[in-house]
Amino acid sequence: MKKIQAFTLIELIVSTIIIAIVMPIVAAMLFSIFRQQIQVGKMAEVKRQGDIALSRITTLINSNASTLWGASEICNVASPNATAITTFRDAAGANSFGLSILNGVLLVGPTYQASLTNSKVTVTNLLVQCRKISQFTKPLVNVSFTVTYNAPASTIDVNPSLNYSTFILIRK
Amino acid sequence: MMHDKLKMINQKLSNKSGGFTIVEVLIFVAISSIVLVSVISLSVTITRQTYINIHKFYATRYADELAEWLRAQKELDWQGFHNTVRLYGTSFTRCVNTAITLTDSLNILSTSPCPYTGITTSPQISPQIYSRTVRFTKIDNSQVDTLSNSQPIKAQIVVAWLEIGGTPYNVTIETLLAPR
């Protein structure tokens, strides 16, 4: 009679148990690494969009703004107010451009027609303030906003978020 | 006779145990432990590096924010800015762990030590592990006491933080502040 070379049932059960113990550990490790990498990717997107928006706002203010208007001129010596709707005016006193948020997208322009961010992120807490240190100094503008990654709420990960705040001295 | 001989050979073959030798087992254990240790250490390194990367995003923003504010302050009033810096000799470090608002003046540059308590911003979204300092250095020391000093001042902004285990990391930017 020829002896058949094979694994016994016991050997198979033991190896299956070992695999069953090791596999979840390996899978959990891989999962947590992938999850963190995704978080870094989201954070990079938030930073990229926030930086681009901030640099465009700075350029616009430096080249086109002379003062900031709400109901009246906001740039004065009094402590800055938190008016939601503000418009930058140029040296001639004409409306130049404004900043606004629509559905989480940061908008800019005379009629808020240009988007500074895309739908991957949500912008909140937009605040445009202006102040003069004294009557004869140039106005100092503060633009601040929060950029948050736009993804369905997850129980595991918080969507990455960054506060942006910049200070620009209007020279015109 | 012939039959018995065959039977004996057969018995001899089937009695030969088919297990691993001790050398084989040792080699297997050695190889698998090397692989396992390297895989685990690699995943620990990746995890740690990921946290450092995320923290660096916040730190860079804080450093940029202070640099932009300092630039606006010196453009607003160079003489006042210079005089404040001039009061403290040729080089000094100040702590700015608070969030900067529009009403803040150079008085927020704190002389107290800079703990890793985080930059207080609203809304609170970053981990509270940062310390933000700025070090001013005058480029030309020969003009230290001249009020009408037009020499630029170097500002070195350091946002430092501690990772788990107490390893310090920092993001450093330098900006040259000169009269316009």
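Scroll up a little and you will see the structure.
Summary of the structure given here. Along each chain, the written sequence defines residue order, and numbers are assigned to residues from 1. The order in which chains are written sets their letters, starting at A; the order in which ligands are written sets their numbers, starting at 1. Totals for whole chains, interfaces and linings use every residue, but because this is a predicted model, local features are given only for residues with pLDDT of at least 70 and side-chain atom pairs only at 80 or more, for both listing and counting.

As for helix 1 (residues 9–64) of chain A
When the terminal C-alpha atoms of helix 1 of chain A are compared, their 81 Å separation across 56 residues agrees well with the 82 Å that a helix rising 1.5 Å per residue should span. Buried means a residue has 20 or more other C-beta atoms within 10 Å of its own C-beta, exposed means 12 or fewer, and partly exposed covers the counts in between; C-beta atoms are placed from the backbone. Strands are runs of DSSP state E lasting at least 2 residues, helices are runs of H or I lasting at least 4, and numbering of each runs from the N terminus. For helix 1 of chain A, the complete set of buried residues consists of Q39, K42, M43, V46, K47, Q49, G50, A53, L54, I57 and I61 of chain A. Under the convention used throughout, the expected extent of a helix is 1.5 Å for every residue step, that is, one less than its residue count.

Quick word on the pairing of strand 7 (residues 140–149) of chain A
Residue and element names in this part refer to chain A. Most of strand 7 is tucked away, with 10 of its 10 residues classed as buried. Alternating positions in strand 7 separate into two faces, L140, N142, S144, T146 and T148 on one and V141, V143, F145, V147 and Y149 on the other, with burial throughout. For two strands to be treated as a pair, DSSP must find at least two bridges joining them. Sheet topology note: the strand 6 (residues 121–131)/strand 7 ladder contains 9 bridges and is antiparallel. Considered in strand 7, the bridge of R131 is made with L140.

As for the nonpolar core
Judged by nonpolar contacts, the single largest core of 53 residues is most densely connected at V141 of chain A together with A59, Y62 and L66 of chain B. Among the elements that make up this core, the one with the highest residue count is helix 2 (residues 22–76) of chain B (8 residues). Any residue pair is listed as a contact if its two C-beta atoms, each placed from the backbone, are within 7 Å. With residues near it in sequence (within four places) discarded, A59 of chain B still touches Y130, V159, W161 and V171 of chain B. Nonpolar cores are built from buried Ala, Val, Leu, Ile, Met, Phe, Trp, Tyr and Cys residues. These are joined into a set through C-beta atoms within 7 Å.

Some thoughts on the interface of chain B and chain A
Frequently, the measure chosen for interface size is the accessible area that the parts lose on association. With 22 residues of chain B at the interface, the matching set in chain A holds 28 residues. In terms of residues, the side of chain B that touches chain A owes the most to one element, helix 2 of chain B, which gives 14 residues. For this classification, the nonpolar set comprises Ala, Val, Leu, Ile, Met, Phe, Trp, Tyr, Cys and Pro, the charged set comprises Asp, Glu, Lys and Arg, and every other residue, Gly included, is treated as polar. Across the side of chain B that touches chain A, the residue classes tally to 10 nonpolar, 7 polar and 5 charged.

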